[in-house]
Amino acid sequence: MQFLHQAPIGLVQTEMGGDIRMINPMAITLLMPLAPGGNLLNMLDVLEPEAPGLRERAAADTLPGETVCEALRIVLDASPATAVRILGISLVKLDRETLMFTITDATFAEQQEQNRLDLRLRDIARTDALTAIPNRTVVQERIARAIEAGAQTGGGEEAALAVIFINSDRFNQFNVSLGHAVGDALLQRMAERLVRFAHAAPAVPAAHAGTAARAAELLVARLGGDEFAVLVEHCGSVDRISAIAQQLLDVLDAPYRMAGGPVHLSASLGIAFATPAGGDADSVLQDASIAMRFAKQAGGARFSVFEPAMKEKVARRSAIESDLRRALQENELFVVYQPIVRMDDGVCAGMEALVRWKHPVRGIVPPIEFIDIAEETGLIGALGSFVLRSACAQSVAWKRQLGARAPRHMSVNVSRVQLTDPALAAQVIEILSDTGIAAGDLQLEVTESFAAQDQEITQRLHELHALGIRLALDDFGTGYSSLACLHQLPVHVVKIDRSFVSQVDSSSHHRVLIEATILVARSLGMGTVAEGIETEEQASELARLQCDKGQGYLFARPMPAAQATEWLLARVQQADNHAEAITA
Ligand code: C2E
Ligand code: MG
Ligand code: MG
């Protein structure tokens, strides 16, 4: 009996009709709000409004010991002053004459469950599903809080939060070539590295001489795609954040060991500070991403710190970008041709196709101003195939017009991004067949700085090589591939960069390098072309060094198709006159 009195749940025994025989204090407390006028005589009467039909169920022909009703949930209307209370009631038929009610206060348990659910939902909304680290929302909140705190304390170095925006340099390329599953795994590994780095709490250099270096508080989050952010607390100085950014670069630079072999994926970082002057959280993030773009444009695998002038440059680039989209549709792009001549007899052995843009306002825009934008924006595919198609068609037209005296090879530049496209070979095949150019008459130029760098690109070069197309290594001498690696690349021609050629007659150092290049290329069965020959002195020096061919303003500038045709015809005429003079 004592037990009944102190039980933490309400217990009520009634007759079959609901008249109460025994009720403990807890039950009285819990049921009181249901008993109008404090009238607690018949349980079934009390519960009638909340659980209509309970009387019938209790009276039904059920066996003793059977549960009539389990966990009946009754929400007690909260008055404005009191919170909602929830009762859980169950009813068991003890024997033929007795009903037993148990009443619990489910408010607390339900609330806890609700809180758990809320927390889980909040976690889901704040956690990146792929990497299980905080997401953009958390970053935005954290930056907004820092801005607010800065506004309250008047800003200052110690108050500032530094935002490091991270974008991997060639993720899309791997994602496409290795498949999305590998791409996802790569992103997870990146997140792991960042989190491990943050846990190791890198030391921030001291803010002032005399104060000690201390561990930084870092938050790592995924913003989306291959973009991550690292937030560094109390790190208002450029020197201090730069030290951390450099460590991050090193951490991300190590190759990832994946099932298919090691993957090298460097990253570009942009840094901005969350200060009251820097605008809201979104604009701080945007500044950091602009700084990241600059790091990327400078070649990647580096960081840069946001400066306001970057914004204008970005605006100019985006103006060019939208203009370029239009240019492709409105036929504002055209191709010019520059002769490549044989050094020994001056015969035009080939032409290099170079793209130009006739901008309605800016005039002729050189490729250096838009090729990399086209690469970044995915327009390079359309641009590249336009140039290739025009050049191949022009080559065929010259063959038709000039026969054996047409320039043998048509040389076309392909960019790094084009070479990462697995569809490149198929696209080239299509253009070969559409235009009717022979594969052996087409030469594709790839810049030396990336030709040797990347397995995927080397594979693409082999595919093109297998089509019977000639390959030329452009700008040789400016990149990383040394003469010793030359034999590993499936190229037919080495084009010696203008920066060497321009000094061939003035610097013995450059002359020796050119000579070595020519000798090695020849020993590998490759031809050589000197780029950017501007003077007779350079030309005769290169001829003496037995360079096969030359290209440069000395011979001819790049010319629109019609003008190039005239140039070729004049050449043919000249040669005929020359031959006539000899035979006469
Ligand atoms: P590149 O392939 O090395 O082309 C040679 C560049 O040197 C051309 O500049 C040409 O006009 C210039 N040049 C030729 N002879 C001389 C000379 O004697 N002196 C001087 N100072 N320059 C000379 P351009 O046409 O401005 O092209 C620059 C670069 O843009 C090209 O370098 C190539 O990498 C890229 N490019 C041009 N057209 C295309 C294209 O259709 N597709 C792609 N992906 N890249 C292109
Ligand atoms: Mg070229
Ligand atoms: Mg070049």
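Source: prediction; values computed, not measured.

K.L.:
Any chance you could explain the side chain of T517 here in plain terms?
P.N.:
Take T517: it is sitting in helix α19 (residues 508-523). Exposure remark for T517: the relative accessible area of 6% places this residue in the buried category. Residues in contact with T517, not counting those within four places in the same chain, are F476, L483, V494 and I496.

K.L.:
It is not clear to me how the packing of aromatic side chains should be interpreted in this structure. Could you clarify?
P.N.:
Aromatic ring pairs are reported here in terms of the distance separating the ring centres and the angle at which the planes meet. In the structure shown here, the tally under the stated rule is two aromatic pairs. Relative to W398, the ring of Y337 lies with its centre 5.2 Å away and its plane at 75 degrees, an arrangement referred to as edge-to-face. Here the residue Y337 occupies a position in strand β15 (residues 333-342), and W398 occupies one in helix α13 (residues 380-402), the gap between them amounting to 61 residues. Residues Y337 and W398 agree in their burial class; the two are buried. The ring of Y256 has R193 sitting right over it, with the charged end atom 3.7 Å from the ring centre. It is R557 that lies over the ring of Y553; its NZ or CZ is 3.8 Å from the centre.

K.L.:
For this particular structure, what's the right way to read the coordination of the magnesium ion (ligand 3)?
P.N.:
Put simply, a metal with four donors set out as a tetrahedron has ideal angles of 109.5 degrees, and one with six donors set out as an octahedron has ideal angles of 90 or 180 degrees. The protein atoms that coordinate the magnesium ion (ligand 3) are D474 (OD), D475 (OD), E531 (OE) and E531 (OE), at distances of 2.0 to 2.6 Å. Read in sequence order, the donor residues coordinating the magnesium ion (ligand 3) give the pattern D-D-x55-E. Here the magnesium ion (ligand 2) and the magnesium ion (ligand 3) are spaced 4.2 Å from one another, each receiving a donor from D474. With D475 in strand β20 (residues 470-476) and E531 in the loop between β22 (527-530) and α20 (536-544), this residue pair connects regions lying 56 residues apart in the sequence.

K.L.:
Is there a simple way to think about the pairing of strand β10 (residues 227-232) in this case?
P.N.:
Here is the key point about a regular strand: its side chains alternate between the two faces of the sheet. Of all six residues making up β10, five are buried, and the element is well covered by its neighbours. Here six bridges tie strand β6 (residues 161-168) to β10, and the two strands are oriented antiparallel to one another. Following the sheet pairing, F165 is matched in β10 by A229. In the sheet, strand β9 (residues 218-224) pairs with β10 via six bridges, with the strands oriented antiparallel. If you follow A221 over to β10, its bridge partner there is A229. Between β9 and β10, which pair antiparallel in sequence order, lie two residues; one of them, G225, sits at a positive phi of approximately 50 degrees.

K.L.:
Can you walk me through the domain arrangement of the chain in this structure?
P.N.:
Where the parts come together, the accessible area they lose is often given as the size of the interface. When cut into domains, the chain gives domain 1 (2-109), domain 2 (128-306) and domain 3 (334-352 + 401-583). Placing the centre of domain 1 and that of domain 3 at their C-alpha centroids yields a distance of 95 Å.

K.L.:
Would you explain the packing of helix α8 (residues 180-199) against helix α9 (residues 238-253) in this entry?
P.N.:
Helix-helix packing is described using two parameters, namely the angle between the two axes and the distance between the axes. Look at α8 against α9: their axes get within 10 Å of each other, and the N-to-C directions meet at 140 degrees. Judged by the inter-axis angle, α8 sits oblique to α9. Helix-helix and strand crossings are classified by hand; for α8 and α9 the assignment is right-handed. Side by side, α8 and α9 meet where M190, R193, L194 and F197 of the first sit next to I244, Q247, L248, V251 and L252 of the second. A class-by-class count of the residues in the contact of α8 with α9 yields seven nonpolar, one polar and one charged.

Rules used throughout
Residues numbered from 1 in each chain as written. Chains lettered and ligands numbered in written order. Predicted model: local features only at pLDDT ≥ 70, side-chain atom pairs only at ≥ 80, totals over all residues. Heavy atoms only, no water. Helix = DSSP H or I, 4+ residues; strand = E, 2+ residues; numbered from the N terminus. Buried < 20%, exposed > 50% of the residue type's maximum accessible area, 1.4 Å probe, protein only. Contact = heavy atoms within 4.5 Å. Phe/Tyr/Trp six-rings, centres within 6.5 Å; stacked < 30°, edge-to-face > 60°. Lys NZ or Arg CZ within 6 Å of the ring centre and 35° of its normal. Donors = N, O, S within 2.8 Å, 3.2 Å for Na, K, Ca; no water. Pairing = 2+ DSSP bridges. Domains from an automatic or database assignment. Axes fitted to C-alpha atoms, helices over the stretch in contact; angles between N-to-C directions. Parallel < 35°, antiparallel > 145°, perpendicular 65-115°, else oblique. Left-handed = near helix turned anticlockwise from the far one by under 90°. Nonpolar A, V, L, I, M, F, W, Y, C, P; charged D, E, K, R; others polar.

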